Amino acid sequence: MDAIRYYSRTGNTEKLANLLGKQLNLEAKTIDTPISEPVDRLYLGGGVYNLNVDAHLKDFARNLDPKMVKEVFLFGTSGSLFTVEKQLTKILDKKGIKVETDHLFLHA
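Presented here is a report on the structure given in the accompanying data block. Sequence order as written defines the numbering, with residues in each chain counted from 1. The model is predicted, so local features are restricted to residues of pLDDT at least 70 and side-chain atom pairs to those at 80 or more, both for listing and for counting; the totals for chains, interfaces and linings are taken over all residues. As a rule here, side-chain values cover all heavy atoms of the structure and leave hydrogens and water aside.

The subject of this paragraph is the overall build of the protein chain. Elements are defined by DSSP. Helices are runs of H or I of four residues or more, strands are runs of E of two residues or more, and each kind is numbered from the N terminus. What the protein chain contains, in helices and strands, is three helices and seven strands. For the protein chain, the N- to C-terminal ordering of α and β elements is β-α-β-β-β-α-β-α-β-β. Burial classes follow relative accessibility: with a 1.4 Å probe on protein chains only, a residue under 20% of its type's maximum area counts as buried, one over 50% as exposed, and anything between as partly exposed. By the burial criterion, 45% of the 108 residues in the protein chain qualify as buried. Expressed as a percentage of contacts within the protein chain between residues at least 6 apart in sequence, the contacts between residues at least 24 apart total 79%. Surface accessibility follows the Shrake-Rupley procedure with a 1.4 Å probe radius. Residue values consider only the protein chains on display as shielding. Working note: accessible area of the protein chain is about 6,300 Å², and carbon and sulfur atoms make up 49% of it. Contact criterion: two residues are considered in contact whenever any of their non-hydrogen atoms come within 4.5 Å of each other.

In a soluble, globular protein the nonpolar side chains are often hidden away together inside. The biggest cluster of nonpolar side chains holds 24 residues, and the ones touching the most others in it are Ile35, Leu42, Leu44, Val69 and Leu88. Only β3 (39-49), α2 (55-62), β5 (69-78) and α3 (85-95) provide two or more residues apiece to this core. Per element, the largest residue contribution to this core is four residues, and it comes from β3. Contact partners of Val69, with chain neighbours within four places excluded, come to Ile35, Val39, Leu42, Leu64 and Ile97. Nonpolar cores were defined as sets of buried Ala, Val, Leu, Ile, Met, Phe, Trp, Tyr and Cys residues, with membership established by side-chain atoms within 4.5 Å.

For α3, the full list of buried residues reads Leu88, Thr89, Ile91 and Leu92. The arc that holds every buried residue of α3, seen down its axis, measures 165°, which confines them to one face. Residues of α3 that are exposed and point more than 90 degrees away from the buried face comprise Lys86, Lys90, Asp93 and Lys94. On its buried face, α3 is in contact with β3, β4 (52-53), α2, β5 and β6 (98-99). At the C-terminal side of α3, Gly96 shows a positive phi close to 80°. The arc under discussion is defined with respect to the helix axis, by the directions toward the C-beta atoms.

Moving on, we come to the packing of aromatic side chains. Classification of ring pairs rests on two measures: the distance between centres of Phe, Tyr or Trp rings, Trp counted by its six-membered ring, which must be within 6.5 Å, and the angle between planes, read as stacked under 30 degrees, edge-to-face over 60 and tilted in between. Per the counting criterion, the structure on display carries one aromatic pair. Centre to centre, the rings of Tyr43 and Phe73 are 5.2 Å apart; their planes meet at 55°, and the pair counts as tilted. Taken together, the positions of Tyr43 in strand β3 and Phe73 in strand β5 put the pair 30 residues apart, joining distant regions of the chain. Assessed through its relative accessible area of 8%, Tyr43 is described here as buried. Charges are assigned to positions over rings by a cutoff of 6 Å between ring centre and Lys NZ or Arg CZ, combined with an angular limit of 35 degrees from the ring normal. Here Arg9 stacks its cationic end above the ring of Tyr49, 4.1 Å away from the centre of that ring.

In this section: the pattern of salt bridges. The rule for a salt bridge is simple: a side-chain nitrogen of Lys or Arg has to be within 4 Å of a carboxyl oxygen of Asp or Glu. In this structure the tally under the stated criterion is six salt bridges. Glu71 is the partner of Arg41 in a salt bridge, and the nearest nitrogen-oxygen pair spans 3.2 Å. With Arg41 in strand β3 and Glu71 in strand β5, this residue pair connects regions lying 30 residues apart in the sequence. Note that Asp59 is salt-bridged to Arg62, the shortest N-O span being 3.0 Å. Taken together, the positions of Asp59 and Arg62, both in helix α2 and three residues apart, correspond to about one turn of that helix. On the basis of relative accessibility, which here comes to 43%, the residue Arg62 falls in the partly exposed class. In this structure, a network of salt bridges that share partners links the residues Arg41, Glu71, Lys98 and Glu100.

Here is the structure:
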């Protein structure tokens, strides 16, 4: 089973999450919906705001259970070349959760 979770302040990442969900036949849900059953791949998305990943998304990543999530695929949006990749990968690596080397980032 796979899942999509995202955090979006402006709606751009939400749009991307919904498009991804349509392609993968998955329902995109906000990070307010916890991962309640094991997933093989979690598609995790967010935006970059003032060169940082939002604290809510970082907290969600910090609270992921490595027993519940085998692998994470990162996606997101930003108005610059910065992405959520470095900051979230650092958090997920510490938890022992594999981060896929492929990702999807759209820049405005």
